[in-house]
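# Structural features, examined
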Amino acid sequence: MVSETSEEVMRVLVIGSGPVVIGQSAEFDYAGTQACRILRERSIYTILLNSNPATIQTDNYNADRVYIEPINVENAERIIETEGVTHIIGSMGGQTALNLVMELHNSGYLRGKNVKILGTQPESIRIAEDRELFHSVMEKNGITIPWSVSLKRSNYREVATEIDYFPVILRTSFSLGGLSGKIINDSSELISVLDEIFSDSTQKSVEIEKSLLGLIEMEYEVIRDHRGNSIMVCNMENLDPMGVHTGESIVVTPSLTIPDNIHQKMRKTALDIAEIVGIVGACNVQFAIDLESEIFFVVEINPRTSRSSALASKASGYPIAKVATMVILGDSLFSISNPITENTSASFEPSMDYVIVKIPIWPVGKFSDSGTIGISMKSTGEAMGIGRSFEEAFLKALVSTELDFSKYFSKVGRDEIFNNLKTANWERLGYIISAMNMEIDSEKIAELTGWQINIVNRLSNMFKFLGKCAENIEEYLPELKRYGYPDRVISWRSGISEYEILLMRKRVSLFPSFRMIDSSSSEFSSRTKYLYSTYYEDDECGPWKKDSVLILGSGPNRIGQGLEFDYSSVKAIQALKKFGYRSLMINSNPETVSTDFNTSDELYFDPISLEYVSGIIEKRKPYGIIIQFSGQTGQNMAYEIGKIYGEDIIMGTKPSSIARIENRSAFSRDLDQLGITQARWHEAFSINEIVEKSRLLQNRVIIRGSFIIGGSSMFVSRTSADIEIFVNKMKNSAVKFPLLISELIEQATEYDMDFVSNNNQLLVAGILKQIEPAGIHSGDSMAICGPDIPNKELEERMRDIAAKFLNFYAITGFTNIQFMEKDGQLYVIELNARASRTVPFISKWSGVNWVENGIAMLLGKDCIIKEENVKDYAVKIPVFPFNRFHDSDYLLSAEMRSTGEAMVRAPTFDLLKEKIKSFLRISSERYIFYGKDHILLFDDNGKMEIKEEDAIKIINSSDNINVICSTDSHLRKEISHMADVKKIPLINNQYIWEFIVK
């Protein structure tokens, strides 16, 4: 611990969380960025280790030295010795950082190098993370916990057979996002799961706990300083009962169903636990409550900033990561000024005069998964809504998911509804809406879902009133807005478009007012413009100021549209400030840096929809709107914004051009007109035409829709059977025609080009070459950039095509073109008139602030720097969530399935390949290759074909083997699961292996 008066020279290493994975996402970019900023503000030499190039955290201005390297012991030790590190922070990088710091501590390395851990100390972390020890400490201090038993490798079968209470929860220690958690229903299942777990030689024990299924789950966010002062930042109530992971549950804060006397007891217990464990900084305590008996159980404590810390920060207005960093540096809570109000102490617990609701986002349609949810996370992100009432907050969160719930307002069969209510799944929320829309009894809904009856009653009454108003929306519109109904929800129920509803409101000047989030319920004045919209309330946003630019964020994290766009949004805010403009930010994602209270001049935490964007336009009259960092969200809204406020309000490429570019068929016609080569193509306007037009191209096709991102609904076919599969899938979906059917060109090499431009300039930021062939989504492919990639002749041809697009579409700002090349022929796949996912990667590789250059061009300025001739090589390595979806196939295709990426960089090609091997944990040249119809063993004796049972024996018995699966192997799923359990290096694509080895 560093004292408040210490003058010790500090060199602090901050450990990040690595690539975005399920359970560990953008919230740790937020936490790590806050930590780095506090260190820099105090002139503490800051070193950062993080392998994720998509983060703001890995931007050079956040630390004195940034290492974008794999997060492992080898790199951490090298950095500690190279940089002379004196202190290390592992509490801001999720489970990855915490586990690394504990590994460095347990080995004695940190002690040997005299490196001190800032914040919660290892002995306290071990109490919190070791399930058996945690239970022992809680029992010793008289705190109620569920019954549990620890099973050791030596006797697990003997002890397990004596357990006669089911279901039980199986948990391991030091795990992430409930990944190791499993509900066990009987003894035979328990033995089977334990056999699999203990087949991993590193697993020493597991904890079996009595199930608390069905009880209410609560979370308390706590900060404690080294003097023992502690506060509760907020509590969070999970609408889904125990048995559904907190990351999978809809969450409301403050709690709505817990009596105050029970809340006060849990609050005190949470503070006591932080004291008992010895937390210094932030922690999260989880409870399960039986309201009938008023008994509550402690489930667990996270001894670090957690996923929930970001949600609690944005919900309460209290910057947890920032205050926690000050605390671990030695400040007391009483000595820290509340950064929001600037005139109160951080020791004051926040108060809220509003309600927030969080709804998870799942990768619907990306995996062949049942969609059921439980104690292991599968959601990729979350949306948050803020309202003056629970109902308003719930509906705003619903809109913020950016999902289409309109089908749930139409007639749905009762059996279908009941089947989906009783099983927690990705679509259950939609079926709850269907049930309420059909006025099914609230008691029945509560019984099937496990939701509290008063929550169900409130929502049922809300949807009942909406149904009453649906036949005369214009008459009831003022009343609907007073009660917090968003235009989009009204549109789902009435069938009237959002655009028409907005025009109705414009005719009577019915626009929202804006309220402030200040952590004190307006008891104290605040200088921070952290705002949310509502109707018929006093406005707190203050006077209008000119030269403001509104930036549309990218909404909740999802596959295809995630952290990369938030990076660009934050860099844009910084650039606007440099050029003398005020920034207005609208976003609905509580995990991000862009929704931090002090990132922009004004933050509007609202859904990114036509209603809420227009509300800001009406109130603030911005100089312009930037949609180029919002992924597909802003592109899909551009045309209607342009219709209402004129095209010139959109900075950059205009809506009319965006509409032609995003419409696949119109774009293909434009390519033909421009004489630019593309794959042969046809349009399909019906299901029958899909079959007919595909047959014209021998069924070897890629089928694409318009206005999509991440390859959503894209399909690769090679046979008539594939087309039949696609057609059957389309019959049960809300497919939007026409679809573009393009010839599949096998084994072509795909390239991504990012550039910025205006009328005078076109500057190429970078070109990435995909390792996998065209037909596999570029977001799922390993990609490389560096000297002579591509060769000069091919690059010039790409530049010529980019210039044609610039002139034809009047492109301004950021643009991405996807090419493919085969046998010397260059084809255009698609054009995106916006920033792409690869902008952060290109910026980190080149060392150029490309977002600032693009902003200059959007403001009508020339680019402030020139293209860089970068001499280093860099590779983007995607990461996949297949360990969360064991029932899904592992095949890569035109639809994106990766959740994040890592970056590996080196001055030479050979060194680059060695670093990739290190990242992928490939330690030898001995490997088993699973092809489509054969299995090969490569070792010192050469290459030989082996049987499947022999391959399994080798994998089970060897500590020095690598496994590679071809993209068409029928055993991919089984082998991937086995390799995951055995912790064996696995490459799920032979193209990556060929790139590394050959």
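This report concerns the structure included in the present document. For clarity, every value in this text was computed on a predicted model and none was experimentally measured.

Thresholds applied
- Residues numbered from 1 in each chain as written.
- Predicted model: local features only at pLDDT ≥ 70, side-chain atom pairs only at ≥ 80, totals over all residues.
- Heavy atoms only, no water.
- Axes fitted to C-alpha atoms, helices over the stretch in contact; angles between N-to-C directions.
- Helix = DSSP H or I, 4+ residues; strand = E, 2+ residues; numbered from the N terminus.
- Parallel < 35°, antiparallel > 145°, perpendicular 65-115°, else oblique.
- Left-handed = near helix turned anticlockwise from the far one by under 90°.
- Contact = heavy atoms within 4.5 Å.
- Nonpolar A, V, L, I, M, F, W, Y, C, P; charged D, E, K, R; others polar.
- Buried < 20%, exposed > 50% of the residue type's maximum accessible area, 1.4 Å probe, protein only.
- Polar contact = N/O pair within 3.5 Å; in protein donor to acceptor, adjacent residues only side chain to side chain.
- Core = buried A, V, L, I, M, F, W, Y, C linked by side-chain atoms within 4.5 Å.
- Pairing = 2+ DSSP bridges.

## A closer look at the packing of helix H2 (residues 73–83) against helix H3 (residues 94–106)
- In contact at an axis separation of 10 Å, H2 and H3 are set at 70° when each is read in the N-to-C sense. Considering the angle they form, H2 stands roughly perpendicular to H3. Classified by chirality, the crossing of H3 by H2 is right-handed. The segment H2 lies against H3, with Val73, Ala76, Glu77 and Ile80 engaging Leu100, Glu103 and Leu104.
- Grouping the constituent residues of the contact of H2 with H3 by class yields five nonpolar, no polar and two charged.

## Thoughts on helix H24 (residues 664–674)
- Across the 11 residues of H24, eight count as buried, placing the element largely inside the fold.
- When H24 is considered as a whole, its buried residues turn out to be Arg664, Ser665, Ala666, Phe667, Ser668, Asp670, Leu671 and Leu674.
- The secondary structure elements touched by the buried residues of H24 are helix H23 (655–662), strand S23 (681–684), strand S24 (701–704), strand S26 (739–743), helix H27 (792–809) and strand S31 (825–832).
- For H24, the N-terminal cap is asparagine 663; the gap from its side-chain oxygen to the backbone nitrogen of serine 665 is 3.1 Å.
- Remark: glycine 675 follows H24 within two positions and exhibits a positive phi of approximately 75°.

## Quick look at the nonpolar core
- Ile223, Tyr318, Ile386, Ile626, Phe629 and Ile855 are the most contacted members of the largest nonpolar core, which has 90 residues in total.
- Tallying contributions element by element places helix H11 (residues 320–328) first for this core, with seven residues.
- Discounting residues that sit within four places of it in the chain, phenylalanine 629 has contacts with Ile551, Leu552, Gly553, Ser554, Phe565, Ser568, Ser569, Ala572, Phe814, Ala835, Val851 and Ile855.

## Some thoughts on the side chain of serine 898
- Within the secondary structure layout, serine 898 lies in the loop between strand S32 (873–879) and strand S33 (900–906).
- A relative accessible area of 2% places serine 898 in the buried class.
- Within polar-contact distance, the side chain of serine 898 engages the backbone oxygen of glycine 779 at 2.9 Å.
- A polar atom in the side chain of serine 898 sits 2.9 Å from the side chain of aspartate 780.
- Look past the residues within four positions of serine 898 in its chain and what remains in contact with it is Ile559, Gly779, Asp780, Pro878, Val879 and Phe880.

## A closer look at the sheet that holds S23
- Taken in spatial order, the four strands make up an open sheet running S23-S26-S24-S25, and their pairing is antiparallel. With partners counted over all chains shown, the strands left at the sheet margins are S23 and strand S25 (715–717), one partner each. Geometrically, the sheet is characterised by an average inter-axis angle of 20° between neighbouring strands, direction not taken into account.
- Across the sheet, H24 is in contact with S23, S24 and S26; its angle to S23 comes to roughly 150°.
- Seen against the sheet, helix H26 (residues 720–731) touches S24, S25 and S26 and runs at an angle of roughly 150° to S25.

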